[in-house]
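# Structural overview
This is what each chain is made of:
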Amino acid sequence: MSVLQRQKQELISALETAVSAAISSGKLQVESVPEIGLEIPRDKGHGDFASNIALVMARSARKPPREVAQIILEHLPQGGIIREVEVAGPGFINFFLSNEWLYDTLRTVEMQGEAYGNCLHGAGEKVLLEFVSANPVGPMNVVNARAAAVGDTLARLLRAVGYQVDTEFYVNDAGNQADVFARSLEARYQQLINPDHPFPEDGYPGAYVTELARVLREERPDLLDLPYDERIAFCKRWGTDSMVELQKADLKAYGVEFDLWFRERDLHAAGALEAAIDLLRQKGLVYEQEGALWFRSTAFGDDKDRVIVKSDGTYTYVTADIAYHYNKLERGFEKLINIWGPDHHGYIARMKAAIQALGYSEDTLEVLILQYVALLRDGQPVKMSKRAGEFITMQDLVEEVGKDAARFFFLHRSPESHLDFDMTLAVEQSSENPVFYVQYAHARISSVLRQAGEMGIAIPTCSEVDLSLLQHESELDLLKQLAALPEELLSAALLREPHRLTRYALDLAGLFHSFYGYCHILGEEAPLRDARLVLVSNIRTVLRKVLGLLGVSAPEQM
RNA sequence: GCGCCUGUAGCUCAGGGGAUAGAGCAUCGGACUUCUAAUCCGAGUGUCGCAGGUUCGAUUCCUGCCAGGCGCGCCA
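All figures in this text were calculated on a predicted structure; none of them were measured in a lab. (Residues numbered from 1 in each chain as written. Chains lettered and ligands numbered in written order. Predicted model: local features only at pLDDT ≥ 70, side-chain atom pairs only at ≥ 80, totals over all residues. Heavy atoms only, no water.)

## Thoughts on the sheet that holds strand β8 (residues 292-295)
Pairing is antiparallel across the open sheet formed by three strands, whose spatial order is β7-β8-β9. At either end of the open sheet lies a strand with only one pairing partner, and these are β7 (286-289) and β9 (306-309). Ignoring strand direction, the axes of neighbouring strands in this sheet form an average angle of 45°. Across four bridges, β7 lies against β8 in antiparallel orientation. Its bridge partner lying in β8, Q289 is registered against A292. (Pairing = 2+ DSSP bridges. Helix = DSSP H or I, 4+ residues; strand = E, 2+ residues; numbered from the N terminus. Axes fitted to C-alpha atoms, helices over the stretch in contact; angles between N-to-C directions.)

As structure tokens, then:
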């Protein structure tokens, strides 16, 4: 339990005691006592904590809320950490506390270091987080970049709150698109020898295919000796493998590494699709119609049944995906989280149906739908056409705006918001970029600590200083922000909203910059100086921790 | 037609059953002989898309409508 939670619990207990006392004294008459809510008011003038209990009880007590509040207040235990209590507004009970709990927070941060804020909420539950899973037939796009940032940070968040998380990238290297890609690659290879060689009508026009063909020719100058079918098969395998390597490199440069790159073709090779179909058949959930084999997904709430074996005997995408998810479940994961693009939302119902058909609860699969990214330049939408081979790739984006800025920007918005990403602004206003604001706070603290070292001042620990000297409003605000981390982290993880973390970091950095403007550190008398050194050094710890979760670097100087 | 997402300040977006709805950008003033001015301090702006409903209280929850984006394949 964090310092903040403990503090809240203490006040709630006090309120419970007061309400009981008021009832037994006969001043309050209610059928039942509601759960007591306690919040940190937005407005500092409303105290450190506030409860709306009187407002909630007013009706059943048949008294005006303010009167109820006053009665409760009169029965509240006196003294202790409560410095002042008041009835305010429509009937809130506002608590003003002594600062001791804030100093305790600082001690906790010091003790726990970058583990501060973590908890065991997940109790080691095994979670598989699958994201990006871009087809290995072309460069990744900006939605992939958004998914990579969100997925990676979500994985880090879930681990921080006690889940055992594996991340996975599903490589769709066995479908139609892979075939088209193989034929495109083969044609480009042919064209290196004979420029008039025809290019498939539905082929991928991007220049990257031609570049890949050149590499292939270096590696396999004898490719044309193979019969056509074998040549295509080779191109498919070699080509998708090459694309996977490129994707891996791009993602690594972006700070994202997966625990496993799962090949669809391995499912095929292992007969996993047939096995999944057999299982569904045994359960009586498939039937033949019009020469195709159908999965009765409507039995589990889907709006229509789905073909799993086409009339030509080949499988559909969903067949492989059912086999893949079955594989995940058999590996012992208790929770499957997938991050998909908005074009896949219609796909959720059938996959949830499949999960249930396989014998698992519908809630085992959780799908997060990320909304689109509209890329802008100078405020104008960037026209992108895959056909014309014109698009901004994830690699372009990362090169242009940088890993830290790109990740921070994507993690700044809530996942379900459609977002505009103006590359011109991201680059031109780089000095105004929010990511620098946070990084600068870290660098500033580092600089102060560095100079303290040069002056021969050791960075003290909490036990060596008088923390009660930290009295300035900006200092107390900073301590409150530090106290808030555990709750913020947990809700960001449980709500799957990494952007809460970004805001937290911005708020913390803002409070620090403000403090920095009001308060000096190294120039102060030793006791105050030392207390402030402890303060900023622990702020730095938390900044590092949060930036680490965001996958953004924490520079010592800028 | 059905489904998903969005609609909050000039712009990009947070927030959220409660007290006077926020931040950044942009605009306008101030602050570097003192720990990094990539910073700070101060200033203005809102029918929270519209209409009903639930509630002591709705911008937040529910329903309907309007607007924008995206999906509804024996494609992946």
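## Quick word on the domain arrangement of chain A
In terms of domain boundaries, chain A breaks down into domain 1 (3-98), domain 2 (176-246) and domain 3 (430-550). When each unit is reduced to the centre of its C-alpha atoms, the spacing between domain 2 and domain 3 is 54 Å. (Domains from an automatic or database assignment.)

## Details of the protein's contact with RNA strand B
Close to RNA strand B lie 62 residues; R59, N172, H345, Y437 and Y440 are nearest. Take the atoms of RNA strand B that sit within 4 Å of the protein: sugar and phosphate atoms are 65% of them. Within the contact set of RNA strand B, a base nitrogen lies 3.0 Å away from a backbone nitrogen or oxygen of E290. Taking S417, its side chain carries an N or O atom lying 3.1 Å from a phosphate oxygen of RNA strand B. The element that contributes the greatest number of residues to the surface near RNA strand B is helix α16 (residues 434-454), accounting for eight residues. A per-class count over the surface near RNA strand B returns 23 nonpolar, 25 polar and 14 charged. (Near = heavy atom within 4 Å. Polar contact = N/O pair within 3.5 Å; in protein donor to acceptor, adjacent residues only side chain to side chain. Nonpolar A, V, L, I, M, F, W, Y, C, P; charged D, E, K, R; others polar.)

## With respect to the nonpolar core
I72, F95, Y254 and F421 are the most contacted members of the largest nonpolar core, which totals 132 residues. Two domains each provide a minimum of three residues to this core, namely domain 1 (3-98) and domain 3 (430-550). Sequence-distant contacts of I72, that is, excluding residues within four places in its chain, are made with L15, A18, V19, L28, I53, M57 and I93. Grouped together as the second largest cluster of nonpolar side chains are 37 residues, L267, I277, A323 and L358 included. (Core = buried A, V, L, I, M, F, W, Y, C linked by side-chain atoms within 4.5 Å. Buried < 20%, exposed > 50% of the residue type's maximum accessible area, 1.4 Å probe, protein only. Contact = heavy atoms within 4.5 Å.)

## With respect to the layout of surface pockets
Empty space within the largest pocket amounts to approximately 1200 Å³. What lines the largest pocket is a set of 43 residues, and nearest its centre among them are S133, A134, N135, Q177 and H344. Of all elements in the fold, only α5 (142-160), α6 (176-193), α9 (264-269), α11 (317-330) and β10 (335-340) reach the threshold of two or more residues within the lining of the largest pocket. When residues of the lining of the largest pocket are assigned to their parent elements, the largest contribution, four residues, is made by α5. Along the lines of polarity and charge, the residues of the lining of the largest pocket split into 21 nonpolar, 15 polar and seven charged. Lining of the second largest pocket is provided by 22 residues; of these, I40, K480, Q481, A484 and E488 occupy positions nearest its centre. Of all the elements in the fold, those that place two or more residues in the lining of the second largest pocket are α1 (3-24), α17 (473-494) and α18 (499-518). Element by element, the count of residues in the lining of the second largest pocket is highest for α17, at seven residues. Each residue belonging to the lining of the second largest pocket can be placed in one class, and the counts come to eight nonpolar, three polar and 11 charged. (1 Å grid on protein atoms, 1.4 Å probe; cavity = no way out; pocket = protein on both sides within 12 Å on 5 of 7 lines; lining within 4 Å. Points joined across faces, edges and corners; volume = space filled by probe spheres on them.)

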